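The primary structure of each chain is shown beneath.
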Amino acid sequence: MNLPLAMQAVHLNQGRVSVRTMPLPARPAGYALLRVLCAGICSTDLELQRGYYGFAGVPGHEFVGEVVESDTPAWHGKRVAGEINFACHSCSWCRSELERHCPNRTVLGIVNQPGAFAEFVLVPESNLHEVPGEISTEQAVFIEPLAAACEILDQVTIEPKTPVAVLGDGKLGLLIAQALHAHGLHVVQYGRHADKLEISKGQGIETNTSSDRPRKEFPYVVDATGSAEGLKEAVAMCRPRGTVILKSTVHGEVPIDTAPVIVDELTLVGSRCGRFAPAIALLASGRIRADSLIAGEFALSEAPAAFQKAAEKGTLKILLKP
Ligand SMILES: [Zn+2]
Ligand SMILES: [Zn+2]
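Residues numbered from 1 in each chain as written. Chains lettered and ligands numbered in written order. Predicted model: local features only at pLDDT ≥ 70, side-chain atom pairs only at ≥ 80, totals over all residues. Heavy atoms only, no water.

Q: Is there a simple way to think about the pattern of salt bridges in this case?
A: Charged atoms that come close allow side chains of opposite charge to pair. Overall, the coordinates contain 14 salt bridges when judged by the stated rule. Where Arg215 meets Glu233, a salt bridge forms, and the shortest distance between an N and an O atom there is 3.4 Å. Of this pair, Arg215 sits in the loop between β13 (206-208) and β14 (218-223) while Glu233 sits in helix α7 (residues 230-237), and the two are 18 residues apart along the sequence. The class for Glu233 is partly exposed, based on a relative accessible area of 22%. In this structure, Arg241 engages Glu265 in a salt bridge whose closest nitrogen and oxygen atoms are separated by 2.6 Å. In this pair, Arg241 sits in strand β15 (residues 238-246) while Glu265 sits in the loop between α8 (258-263) and β16 (267-270), placing the two residues 24 residues apart along the sequence. Look at the salt bridges and you will find they share partners, linking Arg27, Glu69 and Asp71 into a network. (Salt bridge = Lys/Arg side-chain N within 4 Å of Asp/Glu carboxyl O. Helix = DSSP H or I, 4+ residues; strand = E, 2+ residues; numbered from the N terminus. Buried < 20%, exposed > 50% of the residue type's maximum accessible area, 1.4 Å probe, protein only.)

Q: Sorry if this is basic, but what is going on with helix α10 (residues 303-311) here?
A: What sets the pattern is the α-helix's 3.6 residues per turn: residues three or four places apart point alike. Residues of α10 that are buried include every one of Ala303, Ala306, Phe307 and Ala310, and no others. End-on, the buried residues of α10 take up no more than an arc of 100°, which puts them together on one face. Those residues of α10 hidden inside the fold are in contact with β1 (6-13), β2 (16-23), β3 (31-41), α1 (43-49), β17 (294-299) and β18 (317-321). (Arc of directions from axis to C-beta. Contact = heavy atoms within 4.5 Å.)

Q: What's the story with the sheet that holds β2 in this structure? I'm lost.
A: The pairing of strands in a sheet happens through backbone hydrogen bonds and is either parallel or antiparallel. One open sheet accounts for 3 strands, arranged β2-β1-β4; its pairing is antiparallel. Edge strands, defined here as strands with exactly one partner in the open sheet, are β2 and β4 (56-57). Pairing analysis gives 2 bridges linking β1 to β4, with the strands arranged antiparallel. Each residue of the ladder has a partner; that of Leu12, found in β4, is Gly57. Sheet contacts for α10: β1 and β2; angle to β2, the most-contacted strand, approximately 145°. (Pairing = 2+ DSSP bridges. Axes fitted to C-alpha atoms, helices over the stretch in contact; angles between N-to-C directions.)

Q: Sorry if this is basic, but what is going on with helix α5 (residues 171-182) here?
A: When the terminal C-alpha atoms of α5 are compared, their 17 Å separation across 12 residues agrees well with the 16 Å that a helix rising 1.5 Å per residue should span. Among the 12 residues that make up α5, 10 are buried, leaving the element largely enclosed by the rest of the structure. At the C-terminal side of α5, Gly184 shows a positive phi close to 85°. (Expected span 1.5 Å × (residues − 1).)

Q: Please explain the coordination of the zinc ion (ligand 1) as it appears in this structure.
A: When a metal carries six donors in an octahedron, the ideal angles between them are 90 or 180 degrees, while four donors in a tetrahedron ideally lie at 109.5 degrees. The zinc ion (ligand 1) binds to the protein through Cys42 (SG), His61 (NE2) and Glu62 (OE), with metal-donor distances spanning 2.1 to 2.7 Å. Counting residues between consecutive donors of the zinc ion (ligand 1) along the chain gives the motif C-x18-H-E. Of this pair, Cys42 sits in the loop between β3 and α1 while His61 is found in the loop between β4 and β5 (62-69), placing the two residues 19 residues apart along the sequence. Taking relative accessible area as the criterion, Cys42 reaches 10% and is therefore assigned buried. (Donors = N, O, S within 2.8 Å, 3.2 Å for Na, K, Ca; no water.)

Q: How should I be thinking about the coordination of the zinc ion (ligand 2) in this particular structure?
A: In the first shell of the zinc ion (ligand 2), the protein supplies Cys88 (SG), Cys91 (SG), Cys94 (SG) and Cys102 (SG), at 2.3 to 2.4 Å from the metal. Of note, the zinc ion (ligand 2) draws all its donor residues from one chain, in the sequence arrangement C-x2-C-x2-C-x7-C. Of this pair, Cys91 sits in the loop between β7 (85-86) and α2 (92-95) while Cys102 sits in the loop between α2 and β8 (106-107), placing them 11 residues apart in sequence. Across the pair, Cys102 and Cys91 agree in class, each one buried.

Q: How should I be thinking about the pairing of strand β9 (residues 120-124) in this particular structure?
A: Burial analysis of β9 places 5 of its 5 residues in the buried class, the great majority of the element. Alternating residues of β9 divide into Phe120, Leu122 and Pro124 and Val121 and Val123, and every residue in both groups is buried. Looking at chain direction, β3 and β9 are connected through 5 bridges and run antiparallel. Paired with Ala32 across the two strands is Val123, which belongs to β9.

Q: Explain the nonpolar core here, please?
A: Nonpolar side chains in soluble globular proteins tend to end up buried together. Of all hydrophobic cores here, the largest spans 45 residues; its most connected members are Leu34 and Ile41. For this core, the secondary-structure elements that each account for two or more residues are β1, β2, β3, α1, β5, β9, α10 and β18. Counting residues per element, this core draws most heavily on β3, at 7 residues. Grouped together as the second largest cluster of nonpolar side chains are 44 residues, Ile152, Val156, Leu174 and Val187 included. (Core = buried A, V, L, I, M, F, W, Y, C linked by side-chain atoms within 4.5 Å.)

Q: Can you help me understand the sheet that holds strand β11 (residues 163-167) in this one?
A: Reading across from one edge, β13-β12-β11-β14-β15-β16 is the order of the 6 strands in this open sheet, with parallel pairing throughout. Each edge of the sheet is formed by a strand with only one pairing partner; in this case those strands are β13 and β16. If you compare each strand with its neighbour and ignore which way they point, the axes differ by 20° on average. With 4 bridges connecting them, β15 and β16 associate as parallel partners.

Q: For this particular structure, what's the right way to read the packing of helix α4 (residues 143-155) against helix α9 (residues 276-284)?
A: Helices that pack against each other are described as a pair by the angle of their axes relative to one another and the distance between those axes. Two numbers describe how α4 lies on α9: the axes approach to 8 Å, and their chain directions differ by 110°. The angle between α4 and α9 places the two elements in the roughly perpendicular class. Taken together, the residues of α9 that come into contact with α4 (itself represented by Ile143, Glu144, Leu146, Ala147 and Cys150) are Phe276, Pro278, Ala279, Ile280, Leu282 and Leu283. Split by residue class, the contact of α4 with α9 holds 10 nonpolar, no polar and 1 charged. (Parallel < 35°, antiparallel > 145°, perpendicular 65-115°, else oblique. Nonpolar A, V, L, I, M, F, W, Y, C, P; charged D, E, K, R; others polar.)

Below, the structure written as structure tokens:
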């Protein structure tokens, strides 16, 4: 493939989304240059647009690409997803297999690393995962957020059939409910939007739109509401000695009465990004209906309209295609 000298890329700066012509990034040793096939706009991208983390640059961390240049010839032409935390591989955390927490890391499209809302993107070869043929390119965009959902099962051992409440029916809540359900847990998903919960229902997941929630009932409660009130509600629904998993990233402080946490001896588990392998296996198994989460598709050149659509309340996944 003859590579162009320049590419189109989305640029974010102080709330403004624009599409710019930029030079093709020069590939450092150890990195692969990928042609982006499809990418997804996530809530984090909308937060970057709102100015959190003081971000300016090319966003985008949920994507599928095709390798066009790499040190290892075997990667050439492969359809891949890329883990988004680029670790240093030499600090003490990296040496303890905590690469996703490496203090020297950059994060694709989030921290000091140009992202995938572009025609081409650089990713370290060690972060690449081949996407198997069973997974469509559109579905594969969900590998990254599904990995974040599966991270719960890496952090907490939950026996099959155990009741788990998932609070929230946004993109992440829907993926978490499906991932936990696929692992044989008895998921009850709570949310306010019957139309979104319908997606989970179609997968055989128990759903509930009532605001009258059971108290101290579930051994595990996942807060994926994305709201400051979610944690309080999750604590109230968790039974003594139970575990509350925090999946909502809320900006600013979340007030929490620690008395019920202490009295009921609850465990609070913060949870973020996950390994890609379990997410890829789960998508390949066909037990996750990622396509039902797609709300629309835009050309990369229409990124401003795509961001606007993604920011509309209740919109599920918006895809961008270069
Ligand atoms: Zn994301
Ligand atoms: Zn490190």
